Structures are given as structure tokens and as C-alpha cells.
Amino acid sequence: MSDVKKYIAEQFKIAKSDYNLARSDEERFAAFRDMRKLKLLAAEKFGIEFAYSLDNL
């Protein structure tokens, strides 16, 4: 796995954790927005398969 893929996967894990630990709707929305941006970036750079694989981390 390339360094960029590892970085995107790690950032997605962090955003997913933030989403699960959010204490307010604003925090939850911010984490969801970050997850969405990372999935779009992953799809653009590496294809839809990699973007979908982020959900299983």
C-alpha cells in the first residue's frame, strides 16, 4: 500500500472514531464531513473500490 493510501486510511479511522465519540450534532457532522471528503479523495486517486474499503476499517 502506498504512503498516500496509508495516510488516507489512517485519517479515515480517526474521523470515524471522532464520529463515534462525538458529543454533539455539530461534532458528529464535522466528523461525517471529514469522512466524506476522505472517501471522495480516495475515489478520485485510487478508485471506488478503495473508497468503499475504508468503511471496513
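As shown above, the structure is provided for reference.
Definitions and cut-offs
Residues numbered from 1 in each chain as written. Predicted model: local features only at pLDDT ≥ 70, side-chain atom pairs only at ≥ 80, totals over all residues. Heavy atoms only, no water. Axes fitted to C-alpha atoms, helices over the stretch in contact; angles between N-to-C directions. Helix = DSSP H or I, 4+ residues; strand = E, 2+ residues; numbered from the N terminus. Parallel < 35°, antiparallel > 145°, perpendicular 65-115°, else oblique. Left-handed = near helix turned anticlockwise from the far one by under 90°. Contact = heavy atoms within 4.5 Å. Expected span 1.5 Å × (residues − 1). Salt bridge = Lys/Arg side-chain N within 4 Å of Asp/Glu carboxyl O. Buried < 20%, exposed > 50% of the residue type's maximum accessible area, 1.4 Å probe, protein only.

S.K.: Any chance you could explain the packing of helix α1 (residues 3–21) against helix α2 (residues 25–46) here in plain terms?
M.R.: Relative orientation and spacing of two packed helices are given, respectively, by the angle between their axes and the distance between those axes. Where α1 meets α2, the axes come as close as 8 Å, and the angle between the chain directions of the two elements is 160 degrees. Relative to α2, the element α1 is oriented roughly antiparallel. In the packing of α1 onto α2, the handedness of the crossing is left-handed. In this structure, α1 contributes Val4, Lys5, Ile8, Gln11, Phe12, Ala15, Lys16, Asp18 and Tyr19 to the contact, and α2 contributes Arg28, Ala31, Phe32, Asp34, Met35, Leu38, Lys39, Leu41, Ala42 and Phe46.

S.K.: Is there a simple way to explain α2 in this structure?
M.R.: The periodicity of an α-helix, 3.6 residues per turn, causes residues three or four places apart in sequence to face the same way. In this model α2 runs 31 Å from its N-terminal to its C-terminal C-alpha over 22 residues, within 8% of the 32 Å that 1.5 Å per residue would give. Taken together, the buried residues of α2 touch α1 and α3 (48–53). One or two steps after α2, the chain reaches Gly47, where phi turns positive at roughly 100 degrees.

S.K.: I tried to follow the pattern of salt bridges on my own but got confused; where do I start?
M.R.: Pairing between side chains of opposite charge can happen when their charged atoms approach one another. Evaluation of the coordinates by the stated rule reveals two salt bridges. Between Arg28 and Asp25 there is a salt bridge whose closest N-O contact spans 3.0 Å. Here the residue Arg28 and the residue Asp25 both occupy positions in helix α2, the gap between them amounting to three residues, near one helical turn. Judged by its relative accessible area of 30%, Arg28 falls in the partly exposed class. A salt bridge links Lys39 to Asp55, with the shortest nitrogen-to-oxygen separation between them at 2.8 Å. Of this pair, Lys39 sits in helix α2 while Asp55 is found in the segment after α3, placing the two residues 16 residues apart along the sequence. What makes Lys39 partly exposed here is its relative accessible area of 22%.

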